[in-house]
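Architecture and fold: a report
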Amino acid sequence: MSAERLDVDALLADPGVRTIVCCGSGGVGKTTTAAALGVRAAEMGRGAVVITVDPARRLAQSLGLTELDNTPRPVPLPEAAEAGGSLHAMMLDMKRTFDEIVEAHADPERAREILANPFYRSMSSSFSGTQEYMAMEKLGQLRESGEWDLIVVDTPPSRSALDFLDAPKRLGRFLDGRLIRILGAPARTGAFRLLGAGVGAVTGIISKVVGAQALKDVQSFISSFDAVFGGFQERAERTYRLLQAPGTAFLVVAVPEPDALREADYFMERLAADRMPLAGVVLNRTHRPEADGPPAEEALAASRELEAGGEHPLAAAALLLHARAARLRDREAELRGRLTAAHPRIPVAEVPARAEDVYDIGALREVGEALGEAGPDGVPG
Amino acid sequence: MSQRDPDPSGGVRLHVVTGKGGTGKTTAAAALALSLAAGGGRVLLVEVEGRQGIAELFGRPPLPYEERKVAEARGGGEVFALAVDAEAALLEYLELFYGMRRAGQALTRFGAVDFATTIAPGVRDVLLTGKAVEAVRRRRGGRRPLGQAGDEPYVYRAVVMDAPPTGRIAQFLNVNAEVAGLARIGPVRTQADKVMETIRSARTAVHFVTLLEEMPAQETADGVAEIRGAGMNPGRLIVNMVRDPLFPPDVLAAAERGEVDVESLVQGVKAARLDRPSETADGLAREMAAHARRVRAEAAVRGRLDRVGLPAVDLPYLGEGIDTAALYRLADRLAEQGAAG
């Protein structure tokens, strides 16, 4: 009973909760968690939309998604309709999201110039952070549209899963940075004179490394982008504030493994530092022996004894299986204990590991049920 | 490599190890490096994502941008490790090709390095892969012009790269395509062409680490197809965390149908003098049924992996928390299965 149980159903049922952001390191089941939350919320009667970023193909298929598509698509879910709810899902197309912002903030001619610029094309599809930035932008758009009762966001699988907090600032810093101003400034203007001769050398080297044409592309991009830049910054700031506002709940998703929990610990610290509202931790793929059975050491000793005797091979193997499960469980309990000791007030929900992977609505529903039911003390709620 | 000739892997010298997050990519890469170094070779293990996973695995402080010995392999070999940092690689590159160390430092002040490496990820990847390729080609005899050093032995018998995850690997290695839009001409493009030549050649193989789970296997199949599509050479599937079978197939098949010889379990539990024999036996039977379902799911995944059409090597599950001793055991298993050719 070291940690509070995360009451996922209460979170999903709370009409004041408008956005749930799932974050965590790669491979911990973030997308699955987001999708399962969406299914469960819809079946509780909410109008939910799940934004996924780069989902595994079969999971996407389970939601009826076949391609990158910036429009939320309805997921057929009769149970949700009966409850008065609905589920939509979309896969983020980051380049298109970027293009749309440009089109919204620049006059048609300038927008055409920007969209055709090779540097823009490279940046909008591969700038490290663009995906995070665009996921947040899309979240802002959906939230502002007012069409959705609950938006569940799956954050991108970045090296640091909290890049989405930094990306808007980083993009802003880059576009507003000293270098890019200098590069964008026409020759012989004040900027060049002020900074002296060093600048010529710097642009010279950059052009050596990336080529003169690329530098020209950057310069023309900057001069056209300047006009829409203010709008960009403003949007990024607005989305960032939206995340801090009441109505947003962060869930840190993890699995009971040292690396994932270390990351989870870091996310929790970081969210607190940024004053982002953390609702709790979802601990996926936990293991629980099917029955009480003997403790790990006792089961292992019994298995060895039977193995040596040779008369009860089935029981020897079954006890070894149980010993492994019990040992895994002990280790997980220890790891979880460390997490809850470091963050005693953060509630935790456990989702047991499944024998089979999740790739249809039925399985997502089961994960949602586990989320709604399982507390960290192992007692179904 | 003398004792193992002729080389069954066709002279692969750059081993790129990728895998979905959570599959144990870094562990597999380290074990592969140890197995390749066994018998007296020197192998470089390169990390490109700034995670310092190698340092942690070998229980060492974070690696600087410097090739450092991290382990001895069996039979006198050595594993060196390097955490490649794009910024440092760019400065090194500028110095090497243009003698521009000071100018490079000026670039850092202006944020130009940040610009070139973070903003233009193509440049970043060229620098990272470029460093690994440089280590592959490096010969003893220092910085003599290439022609004169050509007869010297290589500094490293092999280079193992702990590469980005499966979902990004083809894009990461296909540096040519990445910089195509950015630098149509110029030195980065020339460098990318050179890197690409090695990466597409038979000297480079891309290995995929996977688990016997649906999603990692699916990503592996997709990743292998992408690597082939980009004209690169997939190497082996490294199936990680494989457990030995506990029960014969017929017992598992029956358990899946809920048919477990509970009476036999009760007898066994009694013989082992455990408490509450019938409840315990019932619990064990339920665990066996769940285990049987998992084994069948794993077999289905194994079938899908077989259809990928690459040679597979298995690494055993060694419990949570891999230590250095466990790495040697994994390296031995790779060597036994011929992955260290």
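A word on the packing of helix α13 (residues 262–271) of chain B against helix α14 (residues 277–308) of chain B. Residue and element names in this part refer to chain B. Interaxial distance between α13 and α14 falls to 8 Å at its minimum, and their mutual angle equals 125°. Of the possible angle classes, the one that applies to α13 and α14 is oblique. The interaxial crossing formed by α13 with α14 has right-handed handedness. Of α14, the residues touching α13 (which contributes V262, L265, V266, V269 and K270) are P277, S278, T280, A281, D282, L284, A285 and M288.

Next up on the list: the domain arrangement of chain B. Residues and elements named next belong to chain B. Its domain assignment divides chain B into domain 1 (2–243 + 317–335) and domain 2 (245–307). The partner domain 2 presents 6 residues to the 12 residues of domain 1 that form the contact. Interface of domain 1 and domain 2: buried area, both sides summed, is about 760 Å²; carbon and sulfur atoms make up 62% of it. Per-residue buried area on domain 1 facing domain 2 is highest for L212, E214 and A217; these three make up 58% of the total on that side. In this structure, the salt-bridge partner of R304 is E214, at a minimum N-O distance of 3.3 Å. Scanning the region where domain 1 abuts domain 2 turns up 2 residue pairs in polar contact (both at pLDDT 80 or more). Secondary-structure elements contributing two or more residues to the side of domain 1 that touches domain 2 are α11 (214–229) and β7 (234–242). Split by residue class, the side of domain 1 that touches domain 2 holds 6 nonpolar, 3 polar and 3 charged.

Take the pattern of salt bridges next. Residue and element names in this part refer to chain B. Enumeration according to the criterion identifies 33 salt bridges over all chains in this entry. A salt bridge links K69 to E72; its shortest N-O distance comes to 2.7 Å. With a relative accessible area of 32%, K69 lands in the partly exposed category. Given the relative accessible area of 43%, E72 is considered partly exposed. What you see here is one network of salt bridges that share partners, running through E67, E92, K131, E134 and R138.

Now for the pairing of strand β7 (residues 278–286) of chain A. Residues and elements named next belong to chain A. Of all the 9 residues making up β7, 7 are buried; the element is thus mostly covered by neighbouring parts of the structure. For the handedness criterion, the β-α-β arrangement of strand β6 (residues 248–254), helix α14 (residues 258–273) and β7 is classed as right-handed. Across 4 bridges, β7 lies against strand β8 (residues 348–352) in parallel orientation. Among the inter-strand pairings, V281 is bridged to a residue of β8, identified as V348.

It is worth spelling out the confidence of the model for chain A at this point. Taken residue by residue, chain A gives an average pLDDT of 81. The fraction at 70 or more is 78%. Confidence over residues 187–197 of chain A falls short of pLDDT 50; this stretch has 9 contacts with residues more than four positions distant or in other chains.

What follows is about the sheet that holds β7 of chain B. Residues and elements named next belong to chain B. Taken together, the 8 strands give an open sheet; going across it, the order is β3-β4-β2-β5-β1-β6-β7-β8, and neighbouring strands pair in mixed fashion. Looking at strand neighbours, the two that pair on one side only are β3 (68–72) and β8 (312–316), the edges of this open sheet. Neighbouring strand axes in the sheet, compared pairwise and without regard to direction, differ in orientation by 25° on average. Where strand β6 (residues 204–210) meets β7, 4 bridges bridge the pair, whose relative direction is parallel. Bridge pairing links V209 to I238 in β7. Against the sheet, helix α1 (residues 25–37) contacts β1 (14–19), β2 (42–47), β3, β4 (78–83), β5 (158–162), β6, β7 and β8, and its axis sits at roughly 170° relative to β5. Relative to β8, helix α15 (residues 324–336) is tilted by about 155°, and along the sheet it contacts β3 and β8.

Here the focus is the packing of aromatic side chains. With the rule as written, the count across this model stands at 3 aromatic pairs over all chains. Judged by centre distance (5.3 Å) and plane angle (80°), the ring pair of F98 of chain A and Y120 of chain A falls under edge-to-face. Linking F98 of chain A in helix α5 (residues 94–105) with Y120 of chain A in helix α7 (residues 118–126), this pair joins segments that are 22 residues apart in sequence. Of the two residues, F98 of chain A and Y120 of chain A, both sit in the buried class. An angle of 55° between the planes, with centres 6.0 Å apart, marks the rings of Y266 of chain A and F267 of chain A as tilted. Residue classification places F267 of chain A among the buried positions, given a relative accessible area of 0%. Sitting above the plane of the Y154 of chain B ring, R13 of chain B keeps its charged end 3.5 Å from the centroid.

This part takes up the pairing of β3 of chain B. All names here are of chain B. Pairing analysis gives 4 bridges linking β3 to β4, with the strands arranged antiparallel. When the sheet's bridge partners are listed, R68 is paired in β4 with A81. Hairpin connection of β3 to β4: 5 residues between the antiparallel strands, including G75 at a positive phi of 75°.

All names here are of chain A. Domain assignment breaks chain A into domain 1 (8–291 + 327–373) and domain 2 (296–326). With 6 residues of domain 1 in contact, the opposing surface of domain 2 contributes 7 residues. Overall, the association of domain 1 and domain 2 removes approximately 490 Å² of surface from exposure, summing both partners, and the carbon and sulfur fraction of that is 48%. One can count 0 salt bridges joining domain 1 with domain 2.

Each value, and the rule that gives it
Residues numbered from 1 in each chain as written. Chains lettered and ligands numbered in written order. Predicted model: local features only at pLDDT ≥ 70, side-chain atom pairs only at ≥ 80, totals over all residues. Heavy atoms only, no water. Axes fitted to C-alpha atoms, helices over the stretch in contact; angles between N-to-C directions. Helix = DSSP H or I, 4+ residues; strand = E, 2+ residues; numbered from the N terminus. Parallel < 35°, antiparallel > 145°, perpendicular 65-115°, else oblique. Left-handed = near helix turned anticlockwise from the far one by under 90°. Contact = heavy atoms within 4.5 Å. Domains from an automatic or database assignment. Buried area = accessible area lost by both parts, 1.4 Å probe. Salt bridge = Lys/Arg side-chain N within 4 Å of Asp/Glu carboxyl O. Polar contact = N/O pair within 3.5 Å; in protein donor to acceptor, adjacent residues only side chain to side chain. Nonpolar A, V, L, I, M, F, W, Y, C, P; charged D, E, K, R; others polar. Buried < 20%, exposed > 50% of the residue type's maximum accessible area, 1.4 Å probe, protein only. Right-handed = clockwise from strand over helix to strand, strands pointing away. Pairing = 2+ DSSP bridges. pLDDT = per-residue confidence, 0-100. Phe/Tyr/Trp six-rings, centres within 6.5 Å; stacked < 30°, edge-to-face > 60°. Lys NZ or Arg CZ within 6 Å of the ring centre and 35° of its normal.

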